[in-house]
Structure formats: structure tokens, C-alpha cells
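Letter by letter, the chains look like this.
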Amino acid sequence: MMEVPNIHTVQLNQNLPPVQGPIKDVWHSVISVPMGTIPTNSEDPQHQAGRQDELVNKRVQTERFGEKPLVLPADVSAPACVTIPETTDYPGEYDFQLRFHDAGTTKSVPSTFSESLNKLFCQLAKTSRIEVVVSKEPPQGAVLRATAVYKKAEHVAEVVRRCAQHEDEDIVEHRSHLIRVEGNERAQYFEDPHTKRQSVTVPYEAPQSGSEKTTVLLSFMCNSSCMKGMNRRPILTILTLETQEGLVLGRRSFEVRICAWPGRDRKTDEANKEKTPNGIKQIKKRKSAPPPDKTSPTKSESAPSKKGETKDVSDLHGLCDFDRGQIVISRRLGLSPFQTADLVGCSRAAVVSVYKQWCKETKATNQEQVQLELSDTQGENAEPNGDDPQLKP
């Protein structure tokens, strides 16, 4: 067993003077220390050790967790939270420019850009190549930030997010973000705590030797036609060059449409712009019907139209037989007019017109077939008699 020391056997390390006089006088004699002998904070060894521990902890946080103190110049303040992001182009001091790879208007091309429309057409989750060009080297630590906003004024206050269906199908941590950076593990995804707007940043990399551009690969993770997402509302992608503190050095924006057939949609939109050069859709006023002329023959008295001269309404929309067949099959399978129009790449009016015409033709064909079957059945069941005009001599 461990031996408990006796109080009489304990030896004191200090030789205290014997107690003489009242205890009050002895106490004052012990604690009365000259003020000049008390060490200050700068001379105190414990204070210096605590200061060194604090510096070591800050260094560990910086190296291990990537936490860097925000140091701003004397004449610069921290950027404020912006509710509505700016979409106007701002080349800035570094002449910030964007270039896109022109893949043509082939129907099945995964991504293509229209210079006349300033619009990117791409497929869902397919990589789009964007080249960044600057006139001089940005400050060290500069980043490229991509943000999506709605184009129209009535929707710009809403946050662009993926639809619930595509978000649930994904397993990554940032699955709610529409824009995703491909091929760069240093990409970081942010969501503003005040506005809830989402963005993705990637460090700016200087061009390689013999090149003047920096390539960024972006992909868009939801279709423009998703009902519970963008729901056919046009969006803009804002690409900014920023310092490490968040100051904007340059800005460019372009429209994006995520669809099944980028090449075909680009060709259609460019053709529509040529018809309306000012970008304003011209609406023709419907002329009022003239009063009926009593002297003109009525509809029943007019010459009957020839069979086969019925005008095909689908020809007005420039659809081929294959597209019309796709419309009929999709509608028969239960797809809505919006989903069918997005699949075929035509307007909803064209889908309604083609399917309505097909239903009329099918109904007429079925009625003729039923009448022929009934007449054949009656002819087989009828017994020859003297009243039959075909049996009379």
C-alpha cells in the first residue's frame, strides 16, 4: 500500500522566519513586494508562452484548414451583398473577354454558340468549352465565378435552381447547383446566406506557353423546359473575374438554353431573328369579317371542294413526316404538348395542330371502315328475293 506522508515528516522548501508578534504583521511582511520587481506582460514568461501558442494555432488553421485572414487595402472596403446581380458587360482594366468553340448547327451537336444571339445552346450535363482572354495578368489569387440568373425582369428576383427530379437523381454534395465546373478539383460551390443565390468559383490559371487563353469547362445540370425548374424561362450566365477579396475586375454575360437538340434550336432561333431584325415580334391584327353579301351564293350552293385538297396545317410549321410521326406517338404515349414540343423541337401550337389533324383523319377513316364493314355484313346476311333490284331481269 502507498504510505501516506505524515505532516511532521514533510519538509518545507522555503525557510520561513519564525512567527513573532501578531499574525497580521507577519502577513504584511510576506506579501509586501516592491512594485518595481513585478514583471510586466512583455517580460512575463507565461504571457510570452501564451502568445507563442496563439501564433502556432493561427498557423495550423491556415495550413490545415485553408483559413486565410481577409486583408484589404486601406482604400478598399469589403463587397456588399448584392440582391440583383449586374448583367451588363464590363471588360475592365484587364479587357476581360470570352470565346466559344463554334461547333456548327448539326442537329446532334452537344454544344454550340451563336454570336448573333449571344446565346449558348447545350445538352443536359454535357461539357461546354469557354475560353477566357485578358490583356494582362490578374492579381495573384484571382478567381472566375459563374452565376445563373433569369433574363426577364419579372423573374430576375427568383433564384435559378435545378428541378427536384434532377436534384434527387444526383448524389454529389452540391447537387442543387445548376452550373457545374468539370475537370477542376479546386472548384468551390457557394450559396449566399442572404439572397440564396448559388455560384461556383475556380482559380484563374495563367495561359500556357504559346497560348493567350485560359479554358474553363462548364456543364448545366437541368433542362430549360423542366416544369418545376426553369420552366422555359430564359436564363443568363454571368462569368466574372474577381480578386481574392471578391472585387470584380471584369464581367461577361450570355444567354443559355439547355435542350435536346442544340444545333436545331440554334438554327431556328437565328432564322426567327432574321424575320424580326429588331428583336420585336410583329403581331398582325386580325381583320374583321366583311358583312355577308346576299347576292353571293351560299356555302351549300358553292362548288364542293375536291377530296385530297385539305391543307396540312403541319406544313405551316415546317415539319417533316418524321417529326409529325414523333408528335403523334408522343401524344399517344401520354406526353403533354409542352414535353412533346421540347422533344421534337417545335412550338406547342404545331404539336396541337398536328395531333388534332391526325385525330380528325383517324376518326374519318374509322367511320368509313365501320360503314364498309356494316354494308358487307348486311350483304352477306340478306336473302335473295324478288324485291332485290339486282335479281330482276
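Below you will find a few notes about this structure. Please read all numbers here as calculations on a predicted model, not as lab measurements.

Attention now goes to the packing of helix α5 (residues 321-332) against helix α6 (residues 337-344). Put simply, α5 and α6 touch, their axes get as near as 10 Å, and they point 150 degrees apart. At the point where α5 passes α6, the crossing takes the right-handed sense. Judged by residue contacts, Asp-323, Gln-326, Ile-327, Ser-330 and Arg-331 of α5 engage Pro-337, Thr-340, Leu-343 and Val-344 from α6. Among the residues forming the contact of α5 with α6, the class breakdown is 4 nonpolar, 3 polar and 2 charged.

Helix length check: α5, at 12 residues, gives a terminal C-alpha distance of 16 Å against a target of 16 Å (1.5 Å per residue), a fit within 8%. Within two residues after α5, Gly-334 carries a phi angle of roughly 105 degrees, on the positive side.

Bringing empty space enclosed by the protein into the picture now. Counted by the stated rule, this structure contains 1 cavity of 30 Å³ or more. Of the voids in this model, the largest cavity is the one considered here, and its volume is about 90 Å³. In this structure, the largest cavity is lined by Ala-146, Thr-147, Ala-148, Val-159, Val-160, His-177, Leu-178, Ile-179, Arg-197, Gln-198, Ser-199 and Val-200. Within the residue set of the lining of the largest cavity, elements represented by two or more residues are β5 (143-150) and β8 (198-203). When grouped by side-chain class, the residues that make up the lining of the largest cavity number 7 nonpolar, 4 polar and 1 charged.

Over its 14 residues, helix α4 (residues 262-275) runs 20 Å from end to end, which matches the ideal 20 Å to within 8%, given 1.5 Å per residue. Taken together, the buried positions of α4 are Pro-262, Gly-263, Arg-264, Asp-265, Arg-266 and Glu-270. Those residues of α4 that are buried lie in contact with β2 (111-114), β3 (119-122), β11 (248-258) and α6.

Notably, Lys-196 is not glycine yet its phi reads approximately 65 degrees, a positive angle. By the secondary structure assignment, Lys-196 is in the loop between β7 (188-191) and β8. Judged by relative accessible area, which is 42%, Lys-196 ranks as partly exposed. Phi at Asn-231 takes a positive value of approximately 55 degrees, unusual for a residue other than glycine.

Ordered by their spatial adjacency, 4 strands build an open sheet running β1-β4-β9-β6, and the pairing between neighbours is antiparallel. Because the sheet does not close on itself, it has two edges, and the strands there are β1 (97-100) and β6 (179-181). Neighbour to neighbour, the strand axes of the sheet diverge by 35 degrees on average, direction disregarded.

Both the distance between ring centres and the angle between the ring planes are used here to describe each pair of aromatic rings. For the coordinates displayed, the defined rule picks out 3 aromatic pairs. Centre to centre, the rings of Phe-100 and Phe-254 are 5.0 Å apart; their planes meet at 75 degrees, and the pair counts as edge-to-face. With Phe-100 in strand β1 and Phe-254 in strand β11, this pair connects stretches of sequence that are 154 residues apart. Three or more aromatic residues joined by ring pairs make a cluster, and in this case those are Phe-100, Phe-113 and Phe-254. Cation over ring: Arg-331 sits above Tyr-355, and NZ or CZ is 4.9 Å from the ring centre.

Residue position: Arg-264 is located in helix α4. Within the buried core, Arg-264 has no salt-bridge partner, and the shortest N-O distance to an opposite charge, that of Asp-265, equals 4.1 Å. Those residues in contact with Arg-264, other than ones at most four positions away along the chain, are Thr-105, Thr-106, Lys-107, Leu-343, Val-344 and Gly-345.

Spatial strand order, β2-β3-β11-β10-β5-β8-β7: 7 strands in an open sheet with mixed pairing. Each edge of the open sheet carries a strand with a single partner, namely β2 and β7. In this sheet, neighbouring strand axes are inclined to one another by 25 degrees on average, regardless of whether the strands run parallel or antiparallel. As paired elements, β5 and strand β10 (residues 235-242) share 8 bridges and run antiparallel to each other. Residue pairing across strands places Thr-147 opposite Ile-238, the latter belonging to β10.

Below, the discussion takes up the pairing of β10. Along β10, 8 of the 8 residues are buried, which leaves the element largely enclosed by surrounding structure. With 8 bridges joining them, β10 and β11 adopt antiparallel strand pairing. Looking at the pairing, Leu-241 lines up with Gly-250 of β11. In textbook terms, the turn of a hairpin is the stretch between consecutive antiparallel strands, and for β10 and β11 this stretch comprises 5 residues, one of which, Gly-246, has a positive phi near 95 degrees.

Scoring rules and cut-offs
- Residues numbered from 1 in each chain as written.
- Predicted model: local features only at pLDDT ≥ 70, side-chain atom pairs only at ≥ 80, totals over all residues.
- Heavy atoms only, no water.
- Axes fitted to C-alpha atoms, helices over the stretch in contact; angles between N-to-C directions.
- Helix = DSSP H or I, 4+ residues; strand = E, 2+ residues; numbered from the N terminus.
- Left-handed = near helix turned anticlockwise from the far one by under 90°.
- Contact = heavy atoms within 4.5 Å.
- Nonpolar A, V, L, I, M, F, W, Y, C, P; charged D, E, K, R; others polar.
- Expected span 1.5 Å × (residues − 1).
- 1 Å grid on protein atoms, 1.4 Å probe; cavity = no way out; pocket = protein on both sides within 12 Å on 5 of 7 lines; lining within 4 Å.
- Points joined across faces, edges and corners; volume = space filled by probe spheres on them.
- Buried < 20%, exposed > 50% of the residue type's maximum accessible area, 1.4 Å probe, protein only.
- Pairing = 2+ DSSP bridges.
- Phe/Tyr/Trp six-rings, centres within 6.5 Å; stacked < 30°, edge-to-face > 60°.
- Lys NZ or Arg CZ within 6 Å of the ring centre and 35° of its normal.
- Lys, Arg positive; Asp, Glu negative; His and termini not counted.
- Salt bridge = Lys/Arg side-chain N within 4 Å of Asp/Glu carboxyl O.

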